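Spelled out, the chains give:
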Amino acid sequence: MIEIIKHIAAIDFPERWGNFLENIIAKIRDSNDFQEVYGSLLALYAIFANYEQSLMTGAMLSELVTATFGFLEIFAKKLLDDYGVAAASALHVILKIFF
């Protein structure tokens, strides 16, 4: 599944999937289903990984960072309040996004 997201992110994002980032953030913020949250975090990581691999900088990367980093910091702090295996898995992906 993540390979499909990476492919979409590399080819179609943001031109054809302009609201993809907003949808991912909404899923992470609003869902009570860990699988949806975790899958959304992986999708977000795929977007950042594509930009990292292409060494792309500029407006789009700046927009991604602005739209996600503050939110992910708050979300990570909430995960620490209810720490367990699931939270650790989600935090691992968040840290990969930050790095």
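Model, not experiment: these values are computed from the prediction.

A.B. asks: So what's going on with the overall build of the chain? Which residues, and what values?
C.D. replies: Of the regular secondary structure elements, the chain holds five helices and zero strands. When its helices and strands are written in sequence order, the chain yields α-α-α-α-α. If one aligns the C-alpha atoms of the chain with their principal axes, the spans along those axes are about 35 × 25 × 20 Å. Looking at the chain as a whole, 36% of its 99 residues qualify as buried. Partitioning the contacts of the chain with sequence separation of at least 6, the portion at a separation of at least 24 is 59%. Of the side chains in the chain, 7 bear a positive and 12 a negative charge, and the two mean positions are spaced by 1 Å.

A.B. asks: I'd like a rundown of the packing of aromatic side chains, residues and numbers included.
C.D. replies: Per the counting criterion, the structure on display carries four aromatic pairs. Consider the rings of F69 and F98, whose centres lie 4.8 Å apart with planes at 70 degrees: the pair is edge-to-face. You can see F69 sitting in helix α4 (residues 59–81) and its partner F98 sitting in helix α5 (residues 85–98), a full 29 residues away along the chain. Overall, the relative accessible area of 33% leaves F98 in the partly exposed class.

A.B. asks: Before we move on, could you go through the side chain of T68 and cite the residues and values that matter?
C.D. replies: Structurally, T68 can be placed in helix α4. What makes T68 buried here is its relative accessible area of 0%. Excluding residues that lie within four positions of it along the chain, T68 makes contacts with L21, I25, L44 and F48.

A.B. asks: Lay out the environment of G39 with the relevant residues and their values.
C.D. replies: As for its placement among the helices and strands, G39 is situated in helix α3 (residues 34–53). Residue class for G39 comes out partly exposed when judged on its relative accessible area of 34%. Along the sequence, G39 and L72 sit 33 residues apart, while their C-alpha atoms lie 14 Å from each other.

Thresholds applied
Residues numbered from 1 in each chain as written. Predicted model: local features only at pLDDT ≥ 70, side-chain atom pairs only at ≥ 80, totals over all residues. Heavy atoms only, no water. Helix = DSSP H or I, 4+ residues; strand = E, 2+ residues; numbered from the N terminus. Buried < 20%, exposed > 50% of the residue type's maximum accessible area, 1.4 Å probe, protein only. Contact = heavy atoms within 4.5 Å. Lys, Arg positive; Asp, Glu negative; His and termini not counted. Charge placed at Lys NZ, Arg CZ, Asp CG, Glu CD. Phe/Tyr/Trp six-rings, centres within 6.5 Å; stacked < 30°, edge-to-face > 60°.

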